[in-house]
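Report on the structure
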Amino acid sequence: MARVIVDVMLKPEILDPQGQAIARALPRLGFSGVSEVRQGKRFEVEIDGPADEAALAEVRKMAETLLANTVIEDYSVRVEAE
């Protein structure tokens, strides 16, 4: 059994109002030195068997089909170290 992580982020050219709101709130909360915040999503996918190339290809297909809106979002797939 392996855990595969899928990170989904808005593409750089897409406006991120949630990230902007967080960036504006940070100084009010006493945090400084942050110039930009982008918000995203993280999915943890537990798969049966090893995280070989076939399994990772299947997770990439999941990401393209369901987890990410590839018109406005990019995604990355990685195996979590145990």
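Per an unreviewed UniProt entry, the chain goes by Phosphoribosylformylglycinamidine synthase subunit PurS and derives from Sphaerisporangium rhizosphaerae. A UniProt comment under Sequence similarities (unreviewed entry) is attached to the chain, and it reads "Belongs to the PurS family." For the chain, the Subunit (unreviewed entry) comment in UniProt is given as "Part of the FGAM synthase complex composed of 1 PurL, 1 PurQ and 2 PurS subunits."

Moving on: the sheet that holds strand β1 (residues 2–10). Strand order in the open sheet formed by 3 strands is β2-β1-β3, and the pairing between neighbours is antiparallel. For this open sheet the edge positions go to β2 (40–47) and β3 (73–79), each flanked by a neighbour on one side alone. Within this sheet the neighbouring strands show an average axis-to-axis angle of 20°, counted without direction. Relative to β2, β1 runs antiparallel, the two sharing 8 bridges. Residue R3 lies in a different strand from β2, and its bridge partner there is E46. Strand contacts of helix α2 (residues 53–67): β1, β2 and β3, with the helix running at about 155° to β3, the strand carrying the most contacts.

Bridge analysis of β1 against β3 gives 7 bridges, and the strand direction is antiparallel. Bridge pairing in β3 places V4 opposite V79.

The biggest cluster of nonpolar side chains holds 12 residues, and these are A2, V4, V6, V8, V45, I47, A55, L56, V59, A63, L67 and A68. Elements with a minimum of two residues in this core: β1, β2 and α2. Among the elements that take part in this core, α2 stands out by supplying 5 residues, more than any other. Contacts of L56, omitting those with residues within four sequence positions, involve V4, A51, V77 and V79.

Inspection of the secondary structure puts G19 in helix α1 (residues 17–28). On the accessibility criterion, G19 (0% relative accessible area) is buried. Taking the C-alpha atoms as reference points, G19 and D48, separated by 29 residues in sequence, lie 35 Å from one another. For G19, the contacting residues outside a window of four places in its chain are V37 and Q39.

Bringing the pattern of salt bridges into the picture now. Under the criterion given, the structure shown has 8 salt bridges. Between R42 and E80 there is a salt bridge, and its shortest N-O distance comes to 3.1 Å. Of the two residues, R42 is situated in strand β2 and E80 in the segment after β3; the sequence distance between them amounts to 38 residues. Residues joined by salt bridges that share partners form a network here, namely R3, R42, E44, E46 and E80.

About the cut-offs
Residues numbered from 1 in each chain as written. Predicted model: local features only at pLDDT ≥ 70, side-chain atom pairs only at ≥ 80, totals over all residues. Heavy atoms only, no water. UniProt positions renumbered as here; feature names shortened; annotations may be inferred. Pairing = 2+ DSSP bridges. Helix = DSSP H or I, 4+ residues; strand = E, 2+ residues; numbered from the N terminus. Axes fitted to C-alpha atoms, helices over the stretch in contact; angles between N-to-C directions. Contact = heavy atoms within 4.5 Å. Core = buried A, V, L, I, M, F, W, Y, C linked by side-chain atoms within 4.5 Å. Buried < 20%, exposed > 50% of the residue type's maximum accessible area, 1.4 Å probe, protein only. Salt bridge = Lys/Arg side-chain N within 4 Å of Asp/Glu carboxyl O.

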